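# Results of the structural survey
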Amino acid sequence: MKITFDTSAFWEMQGSKIKTLIPFEEVYEKVAEAGYEYISPYDLYFPGYWKRPKATNEEALWHAKAIEKAGLKIASLTTGFRIADPDEFVRKYAVDCWKRMIEIAEVMGVKVFNTELGGDRNQPELCEAKFMTSMDELLPILEEKGMRIDVQAHPNDFYERNDDTCDVVKAYDCPDHFAYLYAIPHTFHYDEGLGNVEEMLKYTGKFLKHIIVADTYNYSKLFRYNVNPPADFWGGKIRAHAHIGEIGTGDIPFDRIFATLREMKFGEQEDTIATFNPLGFPERAIVDGRHTKAVLEKELLGK
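## A few points about the overall build of the protein chain
Of regular secondary structure, the protein chain possesses 11 helices and 11 strands. For a compact globule of 303 residues, the expected C-alpha radius of gyration is about 19 Å, and the protein chain comes in at 18 Å, within 12% of that figure. The dimensions of the protein chain, computed from C-alpha atoms along their principal axes, are 50 × 45 × 45 Å. Counting across all 303 residues of the protein chain, residues that qualify as buried make up 54%. Counted over contacts in the protein chain with a minimum sequence separation of 6, partners at least 24 positions apart contribute 81%. Total accessible area on the protein chain stands at roughly 13,500 Å², and carbon and sulfur atoms take up 49% of it. Here the protein chain contributes 37 positively and 50 negatively charged side chains, and the mean placements of these two sets differ by 2 Å.

Written out as C-alpha coordinates, the structure is:
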(Lines give C-alpha, C1' and ligand atoms only; values in the text may rest on other atoms or scores of the structure.)
Protein backbone atom coordinates (compact mmCIF):
# COMPACT_ATOMS: atom_id res chain seq x y z
CA MET A 1 0.00 0.00 0.00
CA LYS A 2 1.19 3.48 -0.89
CA ILE A 3 0.42 6.36 1.50
CA THR A 4 0.09 9.57 -0.49
CA PHE A 5 -0.66 13.25 0.10
CA ASP A 6 -3.27 15.04 -2.07
CA THR A 7 -2.09 18.58 -2.81
CA SER A 8 -5.60 20.08 -2.70
CA ALA A 9 -4.77 20.41 1.02
CA PHE A 10 -3.15 23.73 0.12
CA TRP A 11 -6.14 25.27 -1.69
CA GLU A 12 -7.34 28.66 -0.49
CA MET A 13 -9.82 31.29 -1.67
CA GLN A 14 -8.47 34.31 -3.53
CA GLY A 15 -11.43 36.55 -4.21
CA SER A 16 -13.98 34.28 -5.86
CA LYS A 17 -11.40 31.78 -7.10
CA ILE A 18 -9.96 28.64 -5.53
CA LYS A 19 -6.18 28.70 -5.88
CA THR A 20 -3.00 27.16 -4.55
CA LEU A 21 -1.37 30.37 -3.34
CA ILE A 22 2.15 29.00 -2.94
CA PRO A 23 4.44 27.94 -5.83
CA PHE A 24 4.22 24.34 -6.96
CA GLU A 25 7.85 23.74 -5.96
CA GLU A 26 6.99 24.77 -2.40
CA VAL A 27 3.96 22.50 -2.38
CA TYR A 28 6.11 19.54 -3.33
CA GLU A 29 8.74 20.45 -0.74
CA LYS A 30 6.07 20.71 1.98
CA VAL A 31 4.74 17.24 1.19
CA ALA A 32 8.26 15.85 1.47
CA GLU A 33 8.69 17.83 4.71
CA ALA A 34 5.63 16.02 6.11
CA GLY A 35 7.52 12.74 5.65
CA TYR A 36 5.67 11.40 2.63
CA GLU A 37 7.25 9.31 -0.10
CA TYR A 38 4.27 9.66 -2.43
CA ILE A 39 2.25 12.59 -3.70
CA SER A 40 -1.02 12.97 -5.62
CA PRO A 41 -0.97 16.26 -7.53
CA TYR A 42 -4.36 17.96 -7.64
CA ASP A 43 -4.90 21.53 -8.76
CA LEU A 44 -7.57 23.15 -10.91
CA TYR A 45 -4.80 24.39 -13.20
CA PHE A 46 -2.49 21.38 -13.11
CA PRO A 47 -3.28 18.67 -13.94
CA GLY A 48 -6.77 20.19 -14.34
CA TYR A 49 -10.37 19.29 -13.65
CA TRP A 50 -13.65 19.39 -15.64
CA LYS A 51 -12.22 21.53 -18.45
CA ARG A 52 -9.75 20.23 -21.03
CA PRO A 53 -6.22 20.08 -19.56
CA LYS A 54 -4.23 23.04 -20.82
CA ALA A 55 -0.80 21.80 -19.74
CA THR A 56 1.76 21.23 -22.47
CA ASN A 57 4.01 18.18 -22.46
CA GLU A 58 6.85 20.46 -21.38
CA GLU A 59 4.87 21.65 -18.36
CA ALA A 60 3.94 18.08 -17.44
CA LEU A 61 7.59 17.08 -17.62
CA TRP A 62 8.55 20.09 -15.47
CA HIS A 63 6.13 18.99 -12.75
CA ALA A 64 7.42 15.43 -12.89
CA LYS A 65 11.01 16.64 -12.46
CA ALA A 66 10.08 19.08 -9.67
CA ILE A 67 8.31 16.29 -7.78
CA GLU A 68 11.30 14.00 -8.25
CA LYS A 69 13.67 16.76 -7.09
CA ALA A 70 11.65 17.03 -3.87
CA GLY A 71 12.31 13.33 -3.29
CA LEU A 72 8.77 12.21 -4.08
CA LYS A 73 7.02 9.75 -6.37
CA ILE A 74 3.55 10.19 -7.89
CA ALA A 75 1.02 7.65 -6.61
CA SER A 76 -1.94 8.98 -8.59
CA LEU A 77 -3.29 12.01 -10.40
CA THR A 78 -6.55 13.44 -9.03
CA THR A 79 -8.69 14.65 -11.91
CA GLY A 80 -12.02 14.17 -13.64
CA PHE A 81 -14.24 15.16 -16.53
CA ARG A 82 -18.00 15.10 -17.17
CA ILE A 83 -18.20 11.66 -18.79
CA ALA A 84 -21.58 11.03 -17.13
CA ASP A 85 -23.17 14.27 -18.30
CA PRO A 86 -26.69 13.89 -19.74
CA ASP A 87 -25.75 16.22 -22.61
CA GLU A 88 -24.15 14.05 -25.30
CA PHE A 89 -21.90 16.83 -26.63
CA VAL A 90 -20.51 17.43 -23.13
CA ARG A 91 -20.01 13.69 -22.58
CA LYS A 92 -18.08 13.20 -25.82
CA TYR A 93 -15.98 16.28 -25.12
CA ALA A 94 -15.20 14.92 -21.64
CA VAL A 95 -13.97 11.63 -23.14
CA ASP A 96 -11.57 13.65 -25.30
CA CYS A 97 -10.44 15.50 -22.16
CA TRP A 98 -9.68 12.17 -20.51
CA LYS A 99 -7.65 11.09 -23.54
CA ARG A 100 -5.50 14.21 -23.21
CA MET A 101 -5.08 13.60 -19.47
CA ILE A 102 -3.89 10.07 -20.24
CA GLU A 103 -1.26 11.58 -22.56
CA ILE A 104 -0.13 13.90 -19.76
CA ALA A 105 0.11 10.96 -17.38
CA GLU A 106 2.30 9.12 -19.88
CA VAL A 107 4.70 12.06 -19.98
CA MET A 108 4.82 12.07 -16.17
CA GLY A 109 5.15 8.31 -15.80
CA VAL A 110 1.86 8.04 -13.88
CA LYS A 111 -0.23 4.86 -13.97
CA VAL A 112 -3.19 5.64 -11.66
CA PHE A 113 -5.93 8.29 -11.61
CA ASN A 114 -8.56 8.95 -8.98
CA THR A 115 -11.81 10.59 -9.99
CA GLU A 116 -15.53 11.07 -9.32
CA LEU A 117 -18.71 9.85 -11.00
CA GLY A 118 -20.20 13.31 -11.60
CA GLY A 119 -23.48 13.54 -13.48
CA ASP A 120 -26.92 14.62 -12.28
CA ARG A 121 -28.38 13.19 -9.05
CA ASN A 122 -31.86 13.69 -10.51
CA GLN A 123 -31.15 11.50 -13.57
CA PRO A 124 -29.27 8.47 -12.21
CA GLU A 125 -30.26 5.91 -14.85
CA LEU A 126 -29.41 8.18 -17.77
CA CYS A 127 -26.14 9.22 -16.16
CA GLU A 128 -25.17 5.62 -15.48
CA ALA A 129 -25.71 4.87 -19.17
CA LYS A 130 -23.61 7.89 -20.17
CA PHE A 131 -20.84 6.99 -17.72
CA MET A 132 -20.64 3.38 -18.86
CA THR A 133 -20.72 4.40 -22.53
CA SER A 134 -17.71 6.61 -21.80
CA MET A 135 -15.90 3.83 -19.93
CA ASP A 136 -16.54 1.46 -22.82
CA GLU A 137 -14.36 3.78 -24.88
CA LEU A 138 -11.75 4.62 -22.25
CA LEU A 139 -11.14 1.21 -20.73
CA PRO A 140 -9.40 -0.32 -23.79
CA ILE A 141 -7.01 2.65 -23.77
CA LEU A 142 -6.28 2.15 -20.06
CA GLU A 143 -5.69 -1.56 -20.62
CA GLU A 144 -3.33 -0.90 -23.54
CA LYS A 145 -1.28 1.58 -21.49
CA GLY A 146 -1.33 -0.36 -18.24
CA MET A 147 -3.20 2.40 -16.39
CA ARG A 148 -6.03 2.43 -13.85
CA ILE A 149 -8.89 4.76 -12.93
CA ASP A 150 -10.14 4.61 -9.33
CA VAL A 151 -13.65 6.05 -9.11
CA GLN A 152 -15.51 7.36 -6.06
CA ALA A 153 -19.04 8.51 -5.45
CA HIS A 154 -19.04 12.16 -4.39
CA PRO A 155 -21.96 13.87 -2.64
CA ASN A 156 -24.32 15.16 -5.34
CA ASP A 157 -23.05 12.72 -7.99
CA PHE A 158 -25.60 10.67 -9.94
CA TYR A 159 -25.01 7.90 -7.42
CA GLU A 160 -24.05 8.75 -3.85
CA ARG A 161 -24.45 5.30 -2.30
CA ASN A 162 -21.45 3.03 -1.91
CA ASP A 163 -23.10 -0.10 -3.30
CA ASP A 164 -24.60 1.57 -6.38
CA THR A 165 -21.23 3.00 -7.39
CA CYS A 166 -19.35 -0.19 -6.69
CA ASP A 167 -21.84 -2.13 -8.82
CA VAL A 168 -20.84 -0.01 -11.83
CA VAL A 169 -17.18 -0.88 -11.24
CA LYS A 170 -17.96 -4.56 -10.64
CA ALA A 171 -19.84 -4.77 -13.95
CA TYR A 172 -16.53 -4.43 -15.81
CA ASP A 173 -14.72 -6.95 -13.58
CA CYS A 174 -11.38 -5.35 -14.38
CA PRO A 175 -9.86 -4.12 -11.08
CA ASP A 176 -6.38 -3.78 -12.60
CA HIS A 177 -7.67 -0.96 -14.80
CA PHE A 178 -11.00 0.19 -13.33
CA ALA A 179 -11.29 0.05 -9.55
CA TYR A 180 -13.29 1.45 -6.65
CA LEU A 181 -12.28 4.27 -4.33
CA TYR A 182 -13.85 4.52 -0.87
CA ALA A 183 -13.69 8.14 0.30
CA ILE A 184 -13.91 7.99 4.09
CA PRO A 185 -15.23 11.58 4.42
CA HIS A 186 -18.16 10.59 2.17
CA THR A 187 -19.12 7.68 4.43
CA PHE A 188 -22.41 9.10 5.68
CA HIS A 189 -23.58 9.93 2.16
CA TYR A 190 -22.75 6.36 1.14
CA ASP A 191 -25.60 4.95 3.25
CA GLU A 192 -27.75 7.97 4.16
CA GLY A 193 -26.17 8.62 7.53
CA LEU A 194 -26.11 5.09 8.97
CA GLY A 195 -22.33 4.68 8.87
CA ASN A 196 -22.33 0.89 8.43
CA VAL A 197 -18.68 0.96 7.37
CA GLU A 198 -18.03 -2.77 7.78
CA GLU A 199 -20.82 -3.72 5.38
CA MET A 200 -19.88 -1.09 2.82
CA LEU A 201 -16.16 -1.87 2.76
CA LYS A 202 -16.71 -5.62 2.57
CA TYR A 203 -19.16 -5.12 -0.30
CA THR A 204 -16.35 -3.64 -2.41
CA GLY A 205 -14.26 -6.83 -2.22
CA LYS A 206 -11.38 -7.13 -4.66
CA PHE A 207 -12.42 -3.91 -6.40
CA LEU A 208 -11.31 -1.66 -3.51
CA LYS A 209 -7.91 -0.29 -4.51
CA HIS A 210 -7.98 3.22 -3.04
CA ILE A 211 -9.17 5.05 0.07
CA ILE A 212 -9.30 8.78 0.76
CA VAL A 213 -8.53 9.60 4.38
CA ALA A 214 -10.04 12.55 6.24
CA ASP A 215 -12.67 13.00 8.94
CA THR A 216 -16.16 14.48 8.65
CA TYR A 217 -19.41 14.98 10.53
CA ASN A 218 -22.56 12.95 9.98
CA TYR A 219 -24.68 15.30 7.90
CA SER A 220 -27.85 13.46 8.94
CA LYS A 221 -27.46 14.52 12.59
CA LEU A 222 -29.25 17.72 13.57
CA PHE A 223 -27.06 20.85 13.43
CA ARG A 224 -23.80 19.07 12.60
CA TYR A 225 -23.80 21.62 9.76
CA ASN A 226 -25.61 24.96 9.76
CA VAL A 227 -26.64 25.79 6.19
CA ASN A 228 -29.06 28.50 5.13
CA PRO A 229 -31.79 28.28 4.07
CA PRO A 230 -32.06 25.22 6.35
CA ALA A 231 -35.02 23.74 4.44
CA ASP A 232 -32.80 23.25 1.37
CA PHE A 233 -30.33 21.27 3.45
CA TRP A 234 -32.88 19.20 5.39
CA GLY A 235 -34.76 18.50 2.18
CA GLY A 236 -31.62 17.15 0.51
CA LYS A 237 -31.23 19.90 -2.08
CA ILE A 238 -27.89 20.97 -0.61
CA ARG A 239 -25.29 18.30 0.19
CA ALA A 240 -22.71 18.88 2.94
CA HIS A 241 -19.58 17.11 4.13
CA ALA A 242 -16.09 18.02 5.31
CA HIS A 243 -12.51 16.78 4.86
CA ILE A 244 -11.06 17.30 8.34
CA GLY A 245 -7.34 16.57 8.42
CA GLU A 246 -7.25 16.08 12.17
CA ILE A 247 -8.73 12.60 12.06
CA GLY A 248 -10.62 11.54 15.15
CA THR A 249 -12.32 14.90 15.65
CA GLY A 250 -15.41 14.14 13.55
CA ASP A 251 -17.96 11.33 13.48
CA ILE A 252 -16.06 8.76 11.40
CA PRO A 253 -15.58 5.42 13.25
CA PHE A 254 -11.93 5.00 12.25
CA ASP A 255 -11.38 2.08 14.62
CA ARG A 256 -14.03 0.07 12.77
CA ILE A 257 -12.78 1.18 9.36
CA PHE A 258 -9.19 0.18 10.11
CA ALA A 259 -10.28 -3.15 11.60
CA THR A 260 -12.26 -3.97 8.44
CA LEU A 261 -9.43 -2.88 6.13
CA ARG A 262 -7.03 -5.11 8.07
CA GLU A 263 -9.46 -8.00 7.69
CA MET A 264 -9.53 -7.31 3.94
CA LYS A 265 -5.69 -7.15 3.90
CA PHE A 266 -5.90 -3.78 2.18
CA GLY A 267 -2.53 -2.61 3.50
CA GLU A 268 -0.76 -5.78 2.36
CA GLN A 269 -1.50 -5.25 -1.33
CA GLU A 270 1.14 -3.63 -3.53
CA ASP A 271 -1.35 -1.84 -5.78
CA THR A 272 -3.54 -0.17 -3.11
CA ILE A 273 -3.39 3.53 -2.20
CA ALA A 274 -4.35 5.51 0.90
CA THR A 275 -4.62 9.23 0.09
CA PHE A 276 -4.57 11.89 2.81
CA ASN A 277 -7.02 14.52 1.52
CA PRO A 278 -7.82 17.33 3.99
CA LEU A 279 -9.54 20.53 2.94
CA GLY A 280 -10.06 23.91 4.53
CA PHE A 281 -7.06 24.12 6.86
CA PRO A 282 -3.91 24.58 4.75
CA GLU A 283 -2.09 25.95 7.78
CA ARG A 284 -2.54 22.53 9.47
CA ALA A 285 -1.83 20.36 6.45
CA ILE A 286 1.74 19.42 7.39
CA VAL A 287 1.00 18.71 11.06
CA ASP A 288 -2.15 16.73 10.26
CA GLY A 289 -0.36 14.98 7.41
CA ARG A 290 2.42 13.73 9.65
CA HIS A 291 -0.06 12.45 12.22
CA THR A 292 -2.30 10.73 9.65
CA LYS A 293 0.67 9.04 7.98
CA ALA A 294 1.79 7.64 11.34
CA VAL A 295 -1.72 6.38 12.07
CA LEU A 296 -2.01 4.69 8.66
CA GLU A 297 1.39 3.06 9.04
CA LYS A 298 0.45 1.70 12.46
CA GLU A 299 -3.10 0.60 11.62
CA LEU A 300 -2.65 -0.74 8.09
CA LEU A 301 1.07 -1.50 7.71
CA GLY A 302 1.78 -2.69 11.25
CA LYS A 303 4.70 -0.28 11.74
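## Some remarks on the sheet that holds strand E10 (residues 208-213)
Judged by pairing direction, the sheet is parallel, and its 9 strands sit side by side in the order E5-E4-E1-E11-E10-E9-E8-E7-E6 without closing on themselves. Because the sheet does not close on itself, it has two edges, and the strands there are strand E5 (73-74) and strand E6 (77-78). In the sheet, strand E9 (residues 178-183) pairs with E10 via 4 bridges, with the strands oriented parallel. Directly across from Ala183, in E10, lies its bridge partner Ile212. Along the sheet, helix H4 (residues 88-108) makes contact with E5, E6, strand E7 (112-116) and strand E8 (148-152), crossing E7 at roughly 150°. Sitting on the sheet, helix H11 (residues 285-301) touches strand E1 (2-6), E10 and strand E11 (273-276), and the angle it makes with E1 is about 160°.

## Quick notes on helix H6 (residues 162-172)
Because an α-helix completes one turn every 3.6 residues, residues spaced three or four positions apart along the sequence face the same direction. For H6, the set of buried residues is Asn162, Thr165, Cys166, Val168, Val169 and Tyr172. Each buried residue of H6 lies within a common arc of 150° when the element is viewed along its axis, so the set occupies one face. Along its buried surface, H6 packs onto helix H5 (124-145), E8, E9, helix H7 (187-190) and helix H8 (197-204). Phi turns positive, to about 50°, at Asp173, one or two residues after H6.

## Things to note about the pairing of strand E3 (residues 17-20)
The side chains of a regular strand alternate between the sheet's two faces. Inspection of the sheet shows strand E2 (residues 11-14) paired to E3 by 4 bridges, in the antiparallel sense. The partner of Gln14 across the bridge, within E3, is Lys17. From the end of E2 to the start of E3, which pair antiparallel, there are 2 residues, and Gly15 there has a positive phi angle of about 65°.

## Observations regarding the packing of helix H10 (residues 254-263) against H11
Where H10 contacts H11, the axes come no closer than 9 Å and their chain directions differ by 45°. Classed by the angle they form, the pair H10 and H11 counts as oblique. Residues Phe258, Leu261 and Arg262 of H10 lie in contact with H11, whose contacting residues are Val295, Leu296, Glu299 and Leu300. Tallied by class, residues from the contact of H10 with H11 come to 5 nonpolar, no polar and 2 charged.

Reading the values: the criteria
- Residues numbered from 1 in each chain as written.
- Predicted model: local features only at pLDDT ≥ 70, side-chain atom pairs only at ≥ 80, totals over all residues.
- Heavy atoms only, no water.
- Helix = DSSP H or I, 4+ residues; strand = E, 2+ residues; numbered from the N terminus.
- Rg over C-alpha atoms; globule rule 2.2 N^0.38 Å.
- Buried < 20%, exposed > 50% of the residue type's maximum accessible area, 1.4 Å probe, protein only.
- Contact = heavy atoms within 4.5 Å.
- Areas by Shrake-Rupley, 256 points an atom, 1.4 Å probe, with all protein chains shown as cover.
- Lys, Arg positive; Asp, Glu negative; His and termini not counted.
- Charge placed at Lys NZ, Arg CZ, Asp CG, Glu CD.
- Pairing = 2+ DSSP bridges.
- Axes fitted to C-alpha atoms, helices over the stretch in contact; angles between N-to-C directions.
- Arc of directions from axis to C-beta.
- Parallel < 35°, antiparallel > 145°, perpendicular 65-115°, else oblique.
- Nonpolar A, V, L, I, M, F, W, Y, C, P; charged D, E, K, R; others polar.

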